[in-house]
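Remarks on the overall topology
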Amino acid sequence: MTLLRDEGLTVEELTVWRMLQRAQVRITRHLEAELLVAHDLPLASYEVLMQLAEAPERRLRMNDLADRVLLSRSGLTRLIDRLQRDGLVTRQACPDDARGLFAVLTEAGAARLTEATPVYLRGIRTQFLDMLDAGEIGQVRAMLARLVGLTAAP
């Protein structure tokens, strides 16, 4: 195909790219469905609660949280609105920045996260990790680390 040659991609390279996208979407959809059925908790909400639970004092600046969960600032604001309405997070003003806000995990949010985590982890196990042996997991980790810029390419 001339389009591939013109852009310097082989059919195999494009196939690998598409497979990566499909794998990510398939796994994400499965996790989302399982969390919704078992806990009425969308995957994005789970990710926000998890990031807050792992943060010092169970709180993060909204900008930092948006970067960690890969949402736009406006998308995160809407999600935090819903989580706050459900009592799972609160907002706190930043004492050193009048315009800054923290998202803070509530006790109810921590409890919901604790309930949902086994479903999330089981989904990761069955939809991803069980498909790989120990050596492959190490290889995937090394490749993904390069792709996200955590290590230099050889």
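Residues numbered from 1 in each chain as written. Predicted model: local features only at pLDDT ≥ 70, side-chain atom pairs only at ≥ 80, totals over all residues. Heavy atoms only, no water.

Let us now look at the sheet that holds strand β2 (residues 89-94). Whether parallel or antiparallel, the strands of a sheet pair through hydrogen bonds between backbone atoms. Taken in spatial order, the 3 strands make up an open sheet running β1-β3-β2, and their pairing is antiparallel. The open sheet has two free edges, formed respectively by β1 (59-61) and β2, since each of these has just one partner strand. On average, adjacent strands in this sheet sit at an angle of 30° to one another, irrespective of strand direction. Pairing between β2 and strand β3 (residues 97-105): 6 bridges, direction antiparallel. Following the sheet pairing, Thr 90 is matched in β3 by Val 104. Most of the contacts of helix α5 (residues 73-85) go to β2, to which it runs at about 120°, and overall it touches β2 and β3. (Pairing = 2+ DSSP bridges. Helix = DSSP H or I, 4+ residues; strand = E, 2+ residues; numbered from the N terminus. Axes fitted to C-alpha atoms, helices over the stretch in contact; angles between N-to-C directions. Contact = heavy atoms within 4.5 Å.)

On to the pattern of salt bridges. Within the structure shown, the criterion is met by 6 salt bridges. In this structure, the salt-bridge partner of Arg 61 is Asp 96, at a minimum N-O distance of 3.2 Å. Taken together, the residues span a long stretch of sequence, with Arg 61 in strand β1 and Asp 96 in the loop between β2 and β3 at a distance of 35 residues. Residue class for Asp 96 comes out exposed when judged on its relative accessible area of 65%. Measuring nitrogen to oxygen at the nearest pair gives 3.8 Å for the salt bridge that ties Arg 125 to Asp 130. (Salt bridge = Lys/Arg side-chain N within 4 Å of Asp/Glu carboxyl O. Buried < 20%, exposed > 50% of the residue type's maximum accessible area, 1.4 Å probe, protein only.)

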